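Each chain is listed here by its residues.
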Amino acid sequence: MSGTSFPHFQSSPSDAYEFFVFQEPAEHTKDTARVVAGLKAAVHNPNVSEEAKENAMKRLEEMGQVSRTHHANADKGYSAHEKHVLRGYKAATSNPNVSEEAKQHAREVLEAAGIQHKLDAHSEEEHQHRVIAGYKAAIHNPNVSAAAKQHAREFLADSGVTNLD
């Protein structure tokens, strides 16, 4: 070699090559969250075999991440379009711009599809409490713009809230 020097090695570039190639691998620990994400992706990937999906589900169950009944109810053999339609009905049940009649129809469609839907999981009072808490949090959040903080203060004042802590 033409005098190329490698600062970490006293001899030749071939010593450097041997150093990098023959190093013992560092101990690798798996991030459980990433493993779970990969297994869930496998379960929902249409290019993965049914056997591999079953193995992924089994591992998720062992990790306490999903139950078979949840998985069975989540798919039920619906096409992608049907799943989107059902999601739309589910969204309609909690949309304040949807009439009560339409919400009731959406509930009936979801029930007929066998989808358990927790409706009215919390009262209107609890909802208002959460909204107020969100506005209070916005006031103290350094990532919220001055205009948004002002809007939050105005909303809270209109709601009769005087304690902003």
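Reading the values: the criteria
Within any chain, residue numbers begin from 1 and follow the written order of that chain's sequence. In view of the model being predicted, local features appear only for residues whose pLDDT reaches at least 70, and side-chain atom pairs are presented and counted only at 80 or more, with totals across whole chains, interfaces and linings using the full set of residues. Only hydrogens and water are removed before side-chain values are computed, so all heavy atoms of the structure are retained for them. The secondary structure listing takes helices from DSSP runs of H or I that are at least 4 residues long and strands from runs of E that are at least 2 residues long, numbered from the N terminus. Per-residue accessibility, obtained with a 1.4 Å probe over protein chains only, is compared with the maximum for each type, and a residue is labelled buried under 20%, exposed over 50%, and partly exposed between these values. Throughout, a contact is declared for two residues whenever any of their heavy atoms are within 4.5 Å. The accessible surface values rely on the Shrake-Rupley method and a 1.4 Å probe; as for residues, cover is taken only from the protein chains in view. Grouping buried Ala, Val, Leu, Ile, Met, Phe, Trp, Tyr and Cys residues that are joined through side-chain atoms within 4.5 Å yields what is termed a nonpolar core. The pLDDT score gives, residue by residue, the confidence of the prediction method on a 0 to 100 scale. Salt bridge criterion: a side-chain nitrogen from Lys or Arg within 4 Å of a carboxyl oxygen from Asp or Glu. Here a helix's expected span is defined as the number of its residues, less one, multiplied by 1.5 Å. An arc is given here, and it is the one of the directions from the helix axis to the C-beta atoms. Axis geometry follows a simple rule: fit a line to the C-alpha atoms, using only the stretch in contact for helices, then measure angles between N-to-C directions, giving values from 0 to 180 degrees. Note that the term roughly parallel is reserved for angles under 35 degrees, roughly antiparallel for angles over 145, roughly perpendicular for angles of 65 to 115, and oblique for everything else. With the far helix as reference, a near helix turned anticlockwise by less than a right angle produces a left-handed crossing, and one turned clockwise produces a right-handed crossing. The classification used treats Ala, Val, Leu, Ile, Met, Phe, Trp, Tyr, Cys and Pro as nonpolar, Asp, Glu, Lys and Arg as charged, and all other residues, Gly among them, as polar.

A. Structural view of the overall build of the protein. Within the protein, the regular secondary structure consists of 8 helices and 0 strands. Put simply, the protein runs from its N terminus to its C terminus through helices and strands in the order α-α-α-α-α-α-α-α. Counting only residues that meet the buried cut, the protein has 16% of its 165 residues in that class. The long-range fraction of contacts in the protein, counting pairs at least 24 apart against all pairs at least 6 apart in sequence, stands at 29%. Summing over all exposed atoms, the protein offers an accessible surface of approximately 12800 Å²; the carbon and sulfur share of this is 52%.

B. Region of interest: the nonpolar core. Among the nonpolar cores identified, the biggest contains 7 residues, and these are Val 36, Leu 39, Ala 42, Val 43, Ala 56, Met 57 and Leu 60. Contributing elements (two or more residues each) for this core: α2 (32-44) and α3 (50-62). The dominant element in this core, judged by the number of residues it contributes, is α2, at 4 residues. Grouped together as the second largest cluster of nonpolar side chains are 6 residues, Ile 132, Ala 138, Ala 152 and Val 161 included.

C. View of the confidence of the model for the protein. Here the protein shows a mean pLDDT of 76. Residues at 70 or above account for 71%. Between residues 67-73, whose pLDDT stays under 50, and residues either more than four places distant or in other chains, the model counts 8 contacts.

D. Layout of the pattern of salt bridges. For the structure on display, the rule yields 3 salt bridges. In this structure, Glu 126 engages Arg 130 in a salt bridge whose closest nitrogen and oxygen atoms are separated by 2.7 Å. You can see Glu 126 and its partner Arg 130 sitting in helix α7 (residues 124-140), 4 residues apart, about one turn around the helix. By relative accessible area, Arg 130 is classed as partly exposed at 47%.

E. A look at helix α8 (residues 146-158). Over its 13 residues, α8 extends 18 Å from the first C-alpha to the last, a length consistent with the 18 Å expected when each residue adds 1.5 Å. Among the residues of α8, Lys 149, Ala 152 and Leu 156 are the ones counted as buried. Viewed end-on, α8 has its buried residues packed into an arc of 55°, placing them on one side of the element. Facing away from the buried side of α8 by over 90 degrees, the exposed positions are Ala 147, Ala 157 and Asp 158. Elements that come into contact with the buried residues of α8 comprise α7.

F. Inspection of the packing of α7 against α8 at higher detail. Look at α7 against α8: their axes get within 8 Å of each other, and the N-to-C directions meet at 140°. Classed by the angle they form, the pair α7 and α8 counts as oblique. Note that α7 runs across α8; the crossing there is left-handed. Of α8, the residues touching α7 (which contributes Val 131, Ile 132, Tyr 135, Lys 136, Ala 138 and Ile 139) are Lys 149, His 151, Ala 152, Arg 153, Phe 155 and Leu 156.

G. Spotlight on the side chain of Lys 149. Mapped onto the fold, Lys 149 is located in helix α8. Excluding residues that lie within four positions of it along the chain, Lys 149 makes contacts with Ala 138, Ile 139, Asn 141, Pro 142 and Val 144.

H. Expanded view of the packing of α2 against α3. Closest axis-to-axis distance for the α2/α3 pair is 8 Å, and the angle between their directions is 145°. Where α2 crosses over α3, the handedness of that crossing is left-handed. Residues Val 35, Val 36, Leu 39, Lys 40, Ala 42 and Val 43 of α2 pack against Lys 53, Ala 56, Met 57, Arg 59 and Leu 60 of α3. Broken down by class, the residue content of the contact of α2 with α3 amounts to 8 nonpolar, no polar and 3 charged.

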